[in-house]
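Residue-level structural notes
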Amino acid sequence: MKIAIFSESPENEEAIRIIVERLLRKTTETARLPNLQARGWPGVKGSITAVLRHLHYATEAEALIVVIDSDDSPVHHNSHDQHGGADLKCRLCYLRNEIGRIQSQLKPKVGRA
């Protein structure tokens, strides 16, 4: 399985890869991300569009795992999952919204679901 892990730091990405492989009980292959200069929440927020486009058009990635913390932002609550309940100051809600918006703009890739 080819996966991409995008987080606030390369160290987080390696730790998550180990956890994912243990959960899946198999070795994963790394889908390369575009060259990213900035990290932390601003870097993830500002690069998610480029990351999704790159993974969709330039790799055979089967999954993307995004890891962020909730520093200085509202913590995600179940109420955010209700229709109209998303809080875009919540980082999970923000990313879900952005990823949905970006995915709706991606064109199908020949030979791939």
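First, a word on scope: everything that follows refers to the structure included in this document. (Residues numbered from 1 in each chain as written. Predicted model: local features only at pLDDT ≥ 70, side-chain atom pairs only at ≥ 80, totals over all residues. Heavy atoms only, no water.)

**Some thoughts on the overall build of the protein**
When helices and strands are tallied, the protein shows 3 helices and 3 strands. Starting at the N terminus and ending at the C terminus, the protein contains elements arranged as β-α-β-α-β-α. Here the protein has a C-alpha radius of gyration of 15 Å; the compact-globule value for 113 residues is 13 Å, and the two agree. Principal-axis analysis of the C-alpha atoms gives the protein an extent of 35 × 30 × 30 Å. The buried share among the 113 residues of the protein stands at 35%. Taking all contacts inside the protein whose residues are at least 6 apart in sequence as the whole, residues at least 24 apart take part in 64%. Looking at the protein as shown, the accessible area adds up to about 7400 Å², and 52% of this sits on carbon and sulfur atoms. Between the mean site of the 16 positive side-chain charges and the mean site of the 14 negative ones, the protein shows a separation of 7 Å. (Helix = DSSP H or I, 4+ residues; strand = E, 2+ residues; numbered from the N terminus. Rg over C-alpha atoms; globule rule 2.2 N^0.38 Å. Buried < 20%, exposed > 50% of the residue type's maximum accessible area, 1.4 Å probe, protein only. Contact = heavy atoms within 4.5 Å. Areas by Shrake-Rupley, 256 points an atom, 1.4 Å probe, with all protein chains shown as cover. Lys, Arg positive; Asp, Glu negative; His and termini not counted. Charge placed at Lys NZ, Arg CZ, Asp CG, Glu CD.)

**Examining the packing of helix α2 (residues 40–58) against helix α3 (residues 91–105)**
Two elements in contact, α2 and α3, have axes separated by 10 Å at closest approach and are oriented at 30 degrees. Relative to α3, α2 is oriented roughly parallel. When you trace α2 past α3, the crossing you get is right-handed. Listed contacts from α3 to Trp 41, Val 44, Lys 45, Ile 48, Thr 49, Leu 52, Arg 53 and Tyr 57 of α2 are Arg 91, Tyr 94, Leu 95, Glu 98, Ile 99, Arg 101, Ile 102 and Gln 105. Residue composition of the contact of α2 with α3, grouped by class: 9 nonpolar, 2 polar and 5 charged. (Axes fitted to C-alpha atoms, helices over the stretch in contact; angles between N-to-C directions. Parallel < 35°, antiparallel > 145°, perpendicular 65-115°, else oblique. Left-handed = near helix turned anticlockwise from the far one by under 90°. Nonpolar A, V, L, I, M, F, W, Y, C, P; charged D, E, K, R; others polar.)

**Focus: unusual backbone geometry**
Positive phi, normally seen in glycine, also occurs at Arg 25, with a value near 60 degrees. Here Arg 25 is to be found in the loop between α1 (10–24) and β2 (29–30). By relative accessible area, which is 77% here, Arg 25 ends up exposed. Phi is positive for Asp 72, close to 55 degrees, though the residue is something other than glycine. Tracing the backbone shows Asp 72 in the loop between β3 (63–67) and α3. Note on Asp 72: relative accessible area 85%, which makes it exposed.

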